[in-house]
Amino acid sequence: AQSVTQPDIHITVSEGASLELRCNYSYGATPYLFWYVQSPGQGLQLLLKYFSGDTLVQGIKGFEAEFKRSQSSFNLRKPSVHWSDAAEYFCAVGVIAGGTSYGKLTFGQGTILTVHP
Amino acid sequence: DSGVTQTPKHLITATGQRVTLRCSPRSGDLSVYWYQQSLDQGLQFLIQYYNGEERAKGNILERFSAQQFPDLHSELNLSSLELGDSALYFCASSARQGEGTQYFGPGTRLLVL
């Protein structure tokens, strides 16, 4: 079964600093990978996704992520964090099984980002 | 705004009761997914429907059931509620089963007292 690990439960950065949120997945084949963001009391907003092709993917709000198959990682990065980026970030893996698309997403436990002014 | 709507936003009920959560997918999306988010379990997949048919089941309790109607909206029914069922319930939709990106609704926050 697939699994996702986000090693950092809570990260604090200063506004303007760079950010990297870690995500490691476990899955036997090439997964579909996603990053979602959840602001307090809100739903999940898709930041970016990786299906195939270029391993560096660009998302909304200036975020990017790099798929590294050898490390089973899909880390999220942003060069300069804004106070409005404070939220909880979730990495997720989606799979295909038996030739049939199987849409279940498996989520990591989330990383809470605090931004200091 | 993802285009996925969920009602109600909040629900407070008592143990032993039954509630129904409703989800309308994005226009044109055929697949609907239900997830539960709780402090101890995190975000967990419950069940998926595609064009009216159940396609995948996750950690869904027998007390819970769902269906997708011909107009593609979906309902999640939770019965014999327990305190531990208190959680945020999300609906998501995608255009195609599986590889399609899932877009999430705002969620229904359920509190069982």
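Residues numbered from 1 in each chain as written. Chains lettered and ligands numbered in written order. Predicted model: local features only at pLDDT ≥ 70, side-chain atom pairs only at ≥ 80, totals over all residues. Heavy atoms only, no water.

A. Structural context of the interface of chain A and chain B. Facing 19 residues of chain A, the contacting portion of chain B comprises 21 residues. With both sides pooled, the region where chain A packs onto chain B buries about 1700 Å², and carbon together with sulfur makes up 56% of that total. Along the contact surface separating chain A from chain B lie 0 salt bridges. Between the two partners, chain A and chain B, sit 4 residue pairs in polar contact (both at pLDDT 80 or more). Breaking the side of chain A that touches chain B down by element, the ones donating at least two residues are strand E5 (32-38), strand E6 (44-50) and strand E11 (100-107) of chain A. With 7 residues, the single largest contributor to the side of chain A that touches chain B is E11(A). (Contact = heavy atoms within 4.5 Å. Buried area = accessible area lost by both parts, 1.4 Å probe. Salt bridge = Lys/Arg side-chain N within 4 Å of Asp/Glu carboxyl O. Polar contact = N/O pair within 3.5 Å; in protein donor to acceptor, adjacent residues only side chain to side chain. Helix = DSSP H or I, 4+ residues; strand = E, 2+ residues; numbered from the N terminus.)

B. Quick peek at the confidence of the model for chain A. Here chain A shows a mean pLDDT of 90. Residues at 70 or above account for 94%. Mean pLDDT values for the elements of chain A range from 72 in E11(A) up to 98 in strand E3 (residues 19-21) of chain A. (pLDDT = per-residue confidence, 0-100.)

C. Layout of the nonpolar core. Judged by nonpolar contacts, the single largest core of 26 residues is most densely connected at A:Leu19, A:Trp35, A:Leu47, A:Leu48, A:Phe74, A:Leu76 and A:Tyr89. Those elements that provide at least two residues to this core are strand E2 (10-14), E3, E5, E6, strand E8 (64-68), strand E9 (73-78), strand E10 (87-97) and strand E12 (111-116) of chain A. (Core = buried A, V, L, I, M, F, W, Y, C linked by side-chain atoms within 4.5 Å. Buried < 20%, exposed > 50% of the residue type's maximum accessible area, 1.4 Å probe, protein only.)

D. Examining the pairing of E2(A) more closely. Residues and elements named next belong to chain A. Residues of E2 alternate between two faces, with Ile-11 and Val-13 buried on one and His-10, Thr-12 and Ser-14 left unburied on the opposite face. Two elements, E2 and E12, share 5 bridges in a ladder whose sense is parallel. Within the sheet, the bridge partner assigned to His-10 lies in E12 and is Ile-112. (Pairing = 2+ DSSP bridges.)

E. Quick peek at the environment of B:Gln36. All names here are of chain B. By the secondary structure assignment, Gln-36 is in strand E4 (residues 31-38). When its relative accessible area of 11% is taken as the criterion, Gln-36 is described as buried. Sequence-distant contacts of Gln-36, defined by excluding residues within four places in its chain, comprise Gly-42, Leu-43, Gln-44, Leu-46, Phe-64, Asp-85, Ala-87, Leu-88 and Tyr-89. A polar contact of 2.9 Å, which involves the side chain of Gln-36, links it to the side chain of Tyr-89.

F. Just the sheet that holds strand E7 (residues 64-68) of chain B, in detail. Residue and element names in this part refer to chain B. Taken together, the 4 strands give an open sheet; going across it, the order is E1-E3-E8-E7, and neighbouring strands pair in antiparallel fashion. Every other strand in the sheet has two partners, leaving strand E1 (5-7) and E7 as the edge strands with one partner each. On average, adjacent strands in this sheet sit at an angle of 15° to one another, irrespective of strand direction. In this sheet, strand E8 (residues 74-78) lies alongside strand E3 (residues 19-24) in antiparallel orientation, the contact comprising 5 bridges. What sits directly across from Arg-22, in E8, is Glu-75. (Axes fitted to C-alpha atoms, helices over the stretch in contact; angles between N-to-C directions.)

G. Region of the structure containing the pairing of E7(B). Residues and elements named next belong to chain B. Burial of the side chains of E7 is restricted to one face: Phe-64, Ala-66 and Gln-68 are buried, whereas none of Ser-65 and Gln-67 on the reverse face is. Inspection of the sheet shows E7 paired to E8 by 5 bridges, in the antiparallel sense. When the bridges of E8 are listed, Gln-68 appears paired with Ser-74. Between E7 and E8, which follow one another and run antiparallel, lie 5 residues, and Leu-72 among them has a positive phi close to 80°.

H. Expanded view of the state of the cysteines. Residues and elements named next belong to chain B. For the structure on display, the rule yields 2 disulfides over all chains. A disulfide bridge connects Cys-23 with Cys-91, and the sulfur atoms are separated by 1.8 Å. Because the sign of the S-S torsion sets the handedness, a value of about -50° for the bond joining Cys-23 and Cys-91 places this disulfide among the left-handed ones. Of this pair, Cys-23 sits in strand E3 while Cys-91 sits in strand E9 (residues 87-94); the two residues are 68 residues apart in sequence, bridging distant segments of the chain. (Disulfide = S-S within 2.5 Å.)

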